[in-house]
Amino acid sequence: MKSNETQGASDFYVRSGETHFQRLPLRHVQSELELTSELQPLRESEGASASVLCGCSEWVTESDPPITAGWDWTVTTSGDVLLNRHSVRTNLMLVDASGQDLGHVVSIAAVVRRIEQLPWQHSALSALREPP
């Protein structure tokens, strides 16, 4: 895995196996309402036609170097807090047992699985109560 460690220094990815990543605690850093987003309709492809509030959340591991995960979310008029799966961003690059990169799509999918284990909706709703 030495070659990936060198590569990581230049491409800003933090490389990890999925099992290791899934075990790392993630700490909430920030959630905020998007000030530029007024009530906007959800696209039909997202499964609703209700108006929503939009925001974003950032989480980080306590590892060195830290792995970051951020995503956008929406709150529907019924109060559901939904993850925008297409907005997930991270500095994680998953590697296989031989240390080879598994790629961006595989890494994002692992982050989505991890997000689904987090109580992130509470943090998102708290952002609605914070003054801009």
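In this report, we go over the structure that sits alongside the text. Residue positions are counted from 1 within each chain, in the order its sequence is given. Restriction of local features to residues with pLDDT of at least 70 applies here, the model being predicted, together with a cutoff of 80 or more for giving and counting side-chain atom pairs; totals for whole chains, interfaces and linings are based on all residues. To obtain the side-chain values, all non-hydrogen atoms of the structure were included, while hydrogens and water were left out.

What follows is about the overall build of the protein chain. Numbering of helices and strands starts at the N terminus; helices are DSSP runs of H or I of at least 4 residues and strands are runs of E of at least 2. Helix and strand counts for the protein chain come out as four helices and seven strands. Counting from the amino terminus, the protein chain carries its helices and strands in the arrangement α-β-α-β-β-β-β-β-β-α-α. Partly exposed describes any residue whose relative accessible area lies between the buried limit of under 20% and the exposed limit of over 50%, with all areas from a 1.4 Å probe on protein chains only and scaled to the type maximum. Put simply, the protein chain has 132 residues, and 39% of those count as buried. Across the protein chain, contacts joining residues at least 24 apart in sequence account for 55% of those joining residues at least 6 apart. A 1.4 Å probe and the Shrake-Rupley method give the accessible areas. Residues count as covered only by the protein chains that appear here. Accessible surface, the protein chain: about 7,900 Å² in total, of which carbon and sulfur atoms supply 54%. Between two residues, a contact is recorded if the distance between any of their heavy atoms is within 4.5 Å.

This part covers helix α4 (residues 120-129). Since the α-helix turns once every 3.6 residues, residues separated by three or four places project in the same direction. By the burial criterion, the buried members of α4 are W120, S123, A124 and A127. Along α4, the residues classed as buried sweep out an arc of 100 degrees about the axis, all on the same side. Of the exposed residues in α4, the ones pointing more than 90 degrees away from its buried face are H122 and R129. In this context, the arc is that of the directions from the helix axis out to the C-beta atoms.

Moving on, we get to the nonpolar core. Nonpolar side chains tend to gather and get buried jointly when the protein is soluble and globular. Throughout, nonpolar core names a set of buried Ala, Val, Leu, Ile, Met, Phe, Trp, Tyr and Cys residues whose side chains join them through atoms within 4.5 Å. In terms of nonpolar packing, the biggest core is built from 24 residues, with W71, W73, L83, V88, V111, I115 and W120 touching the most fellow members. Top element by residues in this core is helix α3 (residues 104-115). It accounts for five residues. Setting aside chain neighbours within four positions, we find I115 in contact with W71, L83, V88 and W120.

Looking now at the pairing of strand β5 (residues 68-76). The buried count for β5 comes to seven of nine residues, which makes it a mostly enclosed element. Two strands pair if DSSP finds at least two bridges between them. Relative to strand β6 (residues 81-90), β5 runs antiparallel, the two being bridged by six bridges. The partner of W73 across the bridge, within β6, is L83. Counted along the chain from β5 to the antiparallel partner β6, the turn is four residues long, and its residue G79 has a positive phi close to 95 degrees.

Omega for the peptide link from D64 to P65 comes to 5 degrees, which places this bond in the cis form. Along the polypeptide, P65 turns up in the loop between β4 (51-61) and β5. Within the chain, F12 stands out as a residue other than glycine whose phi angle is a positive 70 degrees. The topology assignment puts F12 in the loop between α1 (2-11) and β1 (14-16).

Compared with the 16 Å implied by 1.5 Å per residue over twelve residues, the 16 Å span of α3 between its first and last C-alpha is a close match. Those residues of α3 that sit buried are S107, I108, A110, V111, V112, R114 and I115. Looking at the buried side of α3, the elements it contacts are α2 (18-23), β2 (26-33), β5, β6, β7 (92-94) and α4. Each residue after the first adds 1.5 Å to the expected span of a helix.

Here, a salt bridge means any Lys or Arg side-chain nitrogen found within 4 Å of an Asp or Glu carboxyl oxygen. In this structure the tally under the stated criterion is seven salt bridges. The salt bridge involving E62 is made with R27; its shortest N-O contact spans 2.5 Å. On the criterion of sequence distance, the pair formed by E62 in the loop between β4 and β5 and R27 in strand β2 is long-range, its members being 35 residues apart. Take E62: its relative accessible area is 57%, and that puts it in the exposed class. With a shortest N-O distance of 3.4 Å, D72 and R89 are connected by a salt bridge. Taken as a pair, D72 in strand β5 and R89 in strand β6 lie far apart in primary sequence, 17 residues in all. Classification of D72 as partly exposed rests on a relative accessible area of 24%. Beyond isolated ion pairs, a larger network of salt bridges with shared partners links D11, R15 and D101.

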